[in-house]
Each structure stands twice: as structure tokens, then as C-alpha cells.
Amino acid sequence: MCGIVGVIAKTPVNQLIYDALLLLQHRGQDAAGIVTMQGTKCFMHKARGMVRDVFRTRNMRALPGNVGLGQVRYPTAGNAYSEEEAQPFYVNAPFGVVLVHNGNLTNAHALKQELFDVDRRHINTESDTEVLINVLAHELDKAATGLPLTPQEIFTAVAAVHKRVRGSYAVIALVAGYGLLAFRDPHGIRPLCLGVGPEGETMLASESVAIEGSGFRFVRDIAPGEAVFIDQDGVTHTRQCAEAPRLNPCIFEYVYLARPDSVMDGISVYQARLNLGETLAQRLISTMPPSEIDVVIPIPESSRPSAMQLAHKIGKPYREGFVKNRYVGRTFIMPGQSVRKKSVRQKLNAIGVEFKGRNVLLVDDSIVRGTTSKEIVQMAREAGARRVYMASAAPPVRFPNVYGIDMPTKEELIAHGRSIEQIREFIGADALIYQDVDAMKRVVGALNPNVQGFEASCFDGVYVTGDVSAADFLAIETQRKLQFDEEDGPARSRLALQSAEE
């Protein structure tokens, strides 16, 4: 999961891109980058850290041009600590291409070998984004019949990319001297949408909040498999480039990843979370008497809509029992489990009066590794709660995710191979209630009948691209363990503790 944005306008775009990246900061805190283009020359600045720390006035002045793109990075492939793997990525041939990518390629290793053996292209990092930009560059070179490069030739190249690449990918790319290109994988797993500004500017971004928060008008989502090319005159060209596109967005976007004020693939994230709270309430009522609960307390931030709706449904008061320190990053997307463990009590503090002598129901958006839930339950007890119940607005996370979410190995997942009772014992709750998988899909999918199913592999073990094997999981686990060996060293842990507002 990363946040990407691209803008083409008649005036400088550096400030617009910076502001949009701030609105997408929740999608990645590891690194940030912006590239702009003036004529056929590209200007780039990228580094590890938050947007506000990476870009200073001198950096912004060095980013001239009326077209550009940017990214906030949350690493799920490659080296989380490599400056070289911060995006955007650039290749100088053909034409000069710069690219940002949100997602994860499931066949990156095979493509890397193919690029070397067949395409004669060298990949210098472990990043799947470098693989992707080289595949696109090679296909652009094959499709181009001369100068100038036409939109039809660009779409031919994207169609060839779809045939070679597997996994999840929402992409925005600059072709030097020609314009801005965006496309989405044939399943539409990762989000991408389009908006227009008051002066005819065009913006592409991961979430609608980046478009609307920048003063643009949201137009529509990019369809699965579709490519959009905006030339230097601002004219928009579109084509469906996939042979059999299907809309299967990642359901974890609605559970946790996206901002609640975004609308993605026609579904309000906020309304989706309200619906999840309502069906979770039904699940709770069938499990235990609501009379045993004195108060419903959310684990901030993402669970608030679900907790409010659940409290309303069971007729119990909703209270804010935890205060969040907004200057500590989201624990789920911090590199390294040691950092995650350290940051929980820095991030949350209990309000004793809401817990003392009460039976409290804590509501979280999901329970992934269980370490955070365990510590929060203990915090509630220390604050004086008589009994502590836990409810998850998402079902048990039992399977690895290979499409760009930081849960790639089964050993990291508390629900893998454990019963609900075993999970309850681990986190120390007096009762544990999970969302039902089918109910989750039903109530979120009801908000847009055009959705043809969700990518919900971490809950149901079904991988929509159909190309994920046991060997792939083994390779991912090996890479993950090697990365953790480096991450969890003392120096790395200190570096990873970044200030952030969610």
C-alpha cells in the first residue's frame, strides 16, 4: 500500500503534488518523492521520511514544471531502508519514463529474470517498481513506430504490460515530452481515480480525498485494466487495455487502509465502516447478551464508525476511552515488529474514568498480529475495567497478503492455525467477537452492485490473480525474514520511529 498522485496543468504543479501527498500520508510513512517535468527535462527529489520532512523550500524550488507525479511509500517488497528504492523510478529510454506504483507484483522475480535474459535490461534493486517501469519502457519501445509517440501506441504498450505482469498495480507515469499516463491492473485491486481542477488541470490519485482536498472535482475511478493518457495540451485519451477486466477491489481498503472521507470504486469508506459495525452488532448479539456490556470504546482511529454503529445497534453508550498521540505513526505500517511493539503505549493512553468498574467492549477495525490488541486489553484492565471484551470489525486474518499489504507471512498472523478461543486467550480478553467473512463482503458490496467481488485473500485465502503458489509464499517469507534481521537492529529501530499524523 502506497499513495500516488499525478498532476498536469498550465501552471507549476509542485505545490499541488506536495499538498496531495500530505492528504495521502496515511498510505505510507517510509519515504516520499516528487518528480516534475519542464519541457523534456525531469527534476526529482526523493528521500526516506515523512512528506513534511523530505521536502524543504529549497527542494520545492528545484521542482519546476507544469506536469509531475509523487508518491508516499509503504514498503511491502524490496528493502524498506534503501534510499534507492524510494519512488519515483526513472529510465532514460525510450523517451524518458518516470513512474510511481501502488501495489505488489506477484511475478516480479520471474519478470526480473525475463528482463535480463530476453529484454536485455538490468535491474539494480529488489524493488518490484523498478521491474514494472522496465517492462513498461520495453513495451513502449516495441510499440513506438516513430516520432511522435501516439496515444494508440501508448495503449498498445499498456496492453502488453497487462499480459506480462501479475499482481496488483495502480500506476502513474510521465513520458518526457508527451504527458501523463495512468493505468490500473485488470482486477482493480489497488485504487486510482481522476479529477479536474478549476482551470482545466487534471489530477490522478489513489484516493478521492486527495482530489477533493486539493480543490479539484472528483470525476470517476479509473476502471480495472483501463489506461488514461493526458497529453501536454491537457487532452484526455482513454482505452480499456485488458482482455477480461473485473472489478475486485481490496476489501482491506474499506476496513482500514483508506481515509473514511474517501469514496473508492463508488463505495463510501465511511458508510462501509458503518455497515461493518451494524453487522458486527448482529454477530455480537448472537454471541453474548448486550446487557453484559456497560460501554463501547473504539481503538482509534479507523474503528470509530464501526464502533458508533455497533453501540447504537445494541443500545449501549459510545465513549472515547483512549487518547491518541497523533505524532506517532500508524503502528501497522511501521517497518519492523520491534518498533511496532515499542510504539503502542506511546501512541495510546487510557482515560481511567471510562474504564473504572465497567464491563467494556473494545472495538478495533481488525486484529492482524495480535500484539497491539494484547497490550490494549492490558491497558484497559490497568485503567480499572472489570471485564474487557474485544470485537473486530473485520474477520480473522488467517492468510498472507501478496498484493501490497504488510501481512505477507502466516507466522505473523495471530489467527493463522488458531481457534477464536486460542486468540482470545492470547490477547487476554474475556470474550472475543469477530466479523463474519460473508457478511463483510455482503454489506460492503451492497454499496455498489457493479463490484464483482472483493480481493479478500487475507480473510478467505482466495487470490484473485490465480497465480500465487506455495513457492511464491516461501520466497516472500525468506525475503521477509532477511529484511527483519536488518530492521530489528537498534539503529534501524530508532530510525523507524517517525513522527506522523494519521
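Report on the accompanying structure. (Residues numbered from 1 in each chain as written. Predicted model: local features only at pLDDT ≥ 70, side-chain atom pairs only at ≥ 80, totals over all residues. Heavy atoms only, no water.)

A word on the overall build of the protein chain
- Looking only at helices and strands, the protein chain features 17 helices and 21 strands.
- Counting every position in the protein chain, which comprises 502 residues, the buried fraction comes to 62%.
- Here the analysis covers contacts within the protein chain between residues at least 6 apart in sequence; of these, 70% occur between residues at least 24 apart.
- When the accessible surface of the protein chain is totalled, it reaches about 18500 Å², and 51% of it is carbon and sulfur. (Helix = DSSP H or I, 4+ residues; strand = E, 2+ residues; numbered from the N terminus. Buried < 20%, exposed > 50% of the residue type's maximum accessible area, 1.4 Å probe, protein only. Contact = heavy atoms within 4.5 Å. Areas by Shrake-Rupley, 256 points an atom, 1.4 Å probe, with all protein chains shown as cover.)

Quick word on the sheet that holds strand 12 (residues 226–231)
- Judged by pairing direction, the sheet is antiparallel, and its six strands sit side by side in the order 5-6-7-8-12-13 without closing on themselves. With partners counted over all chains shown, the strands left at the sheet margins are strand 5 (89–91) and strand 13 (236–240), one partner each. Between one strand and the next, the sheet's axes are offset by a mean angle of 20°, whatever the strand orientation.
- Pairing between strand 12 and strand 13: five bridges, direction antiparallel. From the neighbouring strand, isoleucine 230 faces strand 13, where its bridge partner is threonine 236. (Pairing = 2+ DSSP bridges. Axes fitted to C-alpha atoms, helices over the stretch in contact; angles between N-to-C directions.)

Some remarks on helix 14 (residues 437–445)
- For helix 14, the complete set of buried residues consists of Ala439, Met440, Val443, Val444 and Gly445.
- Next to the buried residues of helix 14 lie helix 8 (252–257), strand 15 (267–268), helix 9 (269–287) and helix 15 (457–460).
- Capping the start of helix 14 is the job of one residue whose side-chain oxygen sits 3.2 Å from the backbone nitrogen of aspartate 438: aspartate 436. (Polar contact = N/O pair within 3.5 Å; in protein donor to acceptor, adjacent residues only side chain to side chain.)

Digging into the pattern of salt bridges
- Summed over all chains, the structure comprises 27 salt bridges.
- Taking the shortest distance from any N to any O, the salt bridge between aspartate 265 and arginine 184 comes out at 2.7 Å. Here aspartate 265 is found in the loop between strand 14 (263–264) and strand 15, whereas its partner arginine 184 is found in strand 8 (residues 179–184), with 81 residues between them in sequence. Across the pair, arginine 184 and aspartate 265 agree in class, each one buried. (Salt bridge = Lys/Arg side-chain N within 4 Å of Asp/Glu carboxyl O.)

Overview of the pairing of strand 9 (residues 193–196)
- Judged from the four bridges that link them, strand 9 and strand 11 (residues 217–221) form a sheet pairing that is antiparallel. Residue pairing in the sheet places valine 196 in a bridge with arginine 217 of strand 11.
- Inspection of the sheet shows strand 9 paired to strand 10 (residues 202–205) by four bridges, in the antiparallel sense. Counterpart to leucine 194 in the pairing with strand 10 is leucine 204.
- A loop of five residues connects strand 9 with strand 10, the two strands running antiparallel in sequence, and glycine 200 in this loop sits at a positive phi of about 85°.

Describing the sheet that holds strand 21 (residues 431–434)
- Across the sheet, four strands lie side by side as 16-19-20-21; this open sheet has parallel pairing. Of all strands in the sheet, those bounded by a partner on one side alone are strand 16 (295–298) and strand 21. Ignoring which end each strand starts from, the neighbouring axes of this sheet average 25° apart.
- Taken together, the four bridges between strand 16 and strand 19 (residues 359–364) define a ladder with parallel strand orientation. In the strand pairing of strand 19, valine 296 is matched with leucine 361.
- Seen against the sheet, helix 10 (residues 304–314) touches strand 16 and strand 19 and runs at an angle of roughly 170° to strand 16.

With respect to the packing of aromatic side chains
- Taken as a whole and judged by the stated rule, the model has eight aromatic pairs.
- Arranged with centres 6.2 Å apart and planes meeting at 80°, the rings of tyrosine 254 and phenylalanine 454 form a pair that is edge-to-face. Highlighted residues: tyrosine 254 in helix 8 and phenylalanine 454 in the loop between helix 14 and helix 15, separated in sequence by 200 residues. Here tyrosine 254 matches phenylalanine 454 in class, with each residue buried.
- Their ring planes at 50° and their centres at 6.3 Å tell us that tyrosine 403 and tyrosine 463 sit as a pair that is tilted. (Phe/Tyr/Trp six-rings, centres within 6.5 Å; stacked < 30°, edge-to-face > 60°.)

Things to note about unusual backbone geometry
- Proline 148 follows leucine 147 through a cis peptide bond whose omega is 0°.
- Within the fold, proline 148 resides in the loop between helix 5 (128–143) and helix 6 (151–164).
- A cis geometry characterises the amide bond from proline 300 onward to glutamate 301, with omega recorded as 5°.
- Within the secondary structure layout, glutamate 301 lies in the loop between strand 16 and helix 10.
- A positive phi angle, close to 70°, is found at phenylalanine 95, a residue other than glycine.
- Assignment of secondary structure puts phenylalanine 95 in the loop between strand 5 and strand 6 (97–105).
- The exposure class of phenylalanine 95 is partly exposed, given its relative accessible area of 27%.

Considering helix 10
- By the burial criterion, the buried members of helix 10 are Pro305, Ser306, Ala307, Leu310, Ala311 and Ile314.
- On its buried side, helix 10 packs onto helix 9, strand 16 and strand 19.
- Positive phi shows up at glycine 315, right after helix 10, with a value of about 70°.

Concerning the pairing of strand 7 (residues 167–175)
- Burial within strand 7 is extensive, with nine of its nine residues counted as buried.
- Here strand 7 shows no split at all, with Gly167, Tyr169, Val171, Ala173 and Val175 on one side and Ser168, Ala170, Ile172 and Leu174 on the other all buried.
- Across nine bridges, strand 6 lies against strand 7 in antiparallel orientation. Considered in strand 7, the bridge of valine 98 is made with leucine 174.
- Across six bridges, the pairing between strand 7 and strand 8 is antiparallel. Across the sheet, alanine 173 pairs through a bridge with leucine 181, a residue of strand 8.
- With antiparallel pairing between neighbouring strands as the criterion, strand 7 and strand 8 make up a hairpin whose turn holds three residues, including glycine 177 at a positive phi of roughly 85°.

Regarding the packing of helix 4 (residues 108–117) against helix 5
- Interhelical geometry of helix 4 versus helix 5 gives an angle of 50° and a closest axis separation of 10 Å. As the angle between them shows, helix 4 and helix 5 are arranged oblique. Crossing geometry of helix 4 relative to helix 5 is assigned as left-handed. The residues of helix 5 that touch helix 4, namely those facing Ala108, Leu111, Lys112 and Leu115, are Asp128, Val131, Asn134 and Val135.
- Residues belonging to the contact of helix 4 with helix 5 are distributed by class as follows: five nonpolar, one polar and two charged. (Parallel < 35°, antiparallel > 145°, perpendicular 65-115°, else oblique. Left-handed = near helix turned anticlockwise from the far one by under 90°. Nonpolar A, V, L, I, M, F, W, Y, C, P; charged D, E, K, R; others polar.)

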